Amino acid sequence: MVNHKPKVGVLALQGDFEAHCRAIERAGATAVEVRTAGELDEVDALVIPGGESTTMLKLLGIEGLFEPLSNFGAHKPIFGTCAGAILLAKEVLSPAQASLGLMDLTVERNAYGRQIDSRIAHINVAGHPAEAVFIRAPIIRRVGPQVNVLAEYQGTPVLAEQGRHMVATFHPELTNSTAVHRHFIEKISK
Ligand code: GLN
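Residues numbered from 1 in each chain as written. Predicted model: local features only at pLDDT ≥ 70, side-chain atom pairs only at ≥ 80, totals over all residues. Heavy atoms only, no water.

## A look at the environment of Ala23
Here is step 1 of the chain: Note on placement: Ala23 falls in helix α1 (residues 17–26).
Here is step 2 of the chain: Along the sequence, Ala23 and Leu93 sit 70 residues apart, while their C-alpha atoms lie 30 Å from each other.
Here is step 3 of the chain: Sequence-distant contacts of Ala23, that is, excluding residues within four places in its chain, are made with Glu173, Thr178 and His181. (Helix = DSSP H or I, 4+ residues; strand = E, 2+ residues; numbered from the N terminus. Contact = heavy atoms within 4.5 Å.)

## Brief notes about unusual backbone geometry
Here is step 1 of the chain: In this chain, Ser94 is followed by Pro95 through a cis amide linkage whose omega measures -10 degrees.
Here is step 2 of the chain: Its location among the elements puts Pro95 in the loop between β5 (89–93) and β6 (103–108).
Here is step 3 of the chain: Within the chain, Asn110 stands out as a residue other than glycine whose phi angle is a positive 45 degrees.
Here is step 4 of the chain: Here Asn110 shows up in the loop between β6 and β7 (118–125).
Here is step 5 of the chain: Asn110 sits in the partly exposed class, given a relative accessible area of 30%.
Here is step 6 of the chain: Despite not being glycine, Gln154 has its phi angle at roughly 50 degrees, a positive value.
Here is step 7 of the chain: Residue classification places Gln154 among the exposed positions, given a relative accessible area of 56%. (Buried < 20%, exposed > 50% of the residue type's maximum accessible area, 1.4 Å probe, protein only.)

## Considerations on the packing of aromatic side chains
Aromatic ring pairs are described here by two measures, namely the spacing of the ring centres and the angle between the planes.
Here is step 1 of the chain: If you walk through the whole model with that rule in mind, you get five aromatic pairs.
Here is step 2 of the chain: Relative to Tyr153, the ring of Tyr112 lies with its centre 6.4 Å away and its plane at 45 degrees, an arrangement referred to as tilted. Note that Tyr112 is positioned in the loop between β6 and β7 and Tyr153 in strand β10 (residues 148–153), a separation of 41 residues in sequence.
Here is step 3 of the chain: The class of Tyr112 is buried, set by a relative accessible area of 14%.
Here is step 4 of the chain: A residue is classified by how much of its surface remains accessible, and Tyr153, at 14% relative accessible area, is buried.
Here is step 5 of the chain: Centre to centre, the rings of Phe134 and Phe170 are 6.0 Å apart; their planes meet at 65 degrees, and the pair counts as edge-to-face. Remark: Phe170 occurs in the loop between β12 (165–168) and α6 (179–188) and Phe134 occurs in strand β8 (residues 128–135); sequence separation between them is 36 residues.
Here is step 6 of the chain: Put simply, the rings of Tyr112, Phe134, Tyr153 and Phe170 touch in pairs and so form one group of aromatic residues. (Phe/Tyr/Trp six-rings, centres within 6.5 Å; stacked < 30°, edge-to-face > 60°.)

Next comes the structure, spelled out in structure tokens:
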């Protein structure tokens with residue numbers, strides 16, 4: 001157990017990091033915006049928010065953060081939502097792009113198609129009904145044997161964990177429930 005209030009960083013290069021900060025605070029942890037390797041050193045866990053994964057990758061390169069992030073993930077929990085999930089996956093399709101590869105997943109970008117690419121869906125998280133906001137979301141096409149699927153939508157995983165890491169293809173920071181963020185925060189003390 002960490003006996004101080006856990007400090008959860010939110011990668012704040014691009015995307016909806018502010019909503020994640022508010023959700024983390026609602027879930028009972030301290031949220032810290034992270035833009036540098038020094039700031040990354042100060043947090044117990046990290047959220048990579050939704051946004052545009054190609055842009056985030058470019059910015060990670062410019063800021064010299066790719067390597068520090070991958071080292072961070074070797075010891076501490078990372079939760080990737082939507083674009084963040086794409087960055088955590090081992091394999092990215094449509095098109096293929098670089099990623100941190102911290103979870104044994106294959107994800108297909110923008111996989112719900114162009115016409116109706118954003119929606120609010122009803123899913124079940126650990127037996128509890130929840131709302132999931134999808135925005136130009138990826139679909140998880142393959143999960144490795146070490147991945148634990150926590151929720152599905154239309155027959156594919158939308159919330160999954162592998163050891164200390166977790167991904168959601170939807171945006172839990174945009175709904176009132178704090179269940180998903182709390183589940184992630186609990187990983188810090190394990
Ligand atoms: N379509 C975006 C991507 O491929 C992800 C969208 C999101 O994060 N809401 O990076």
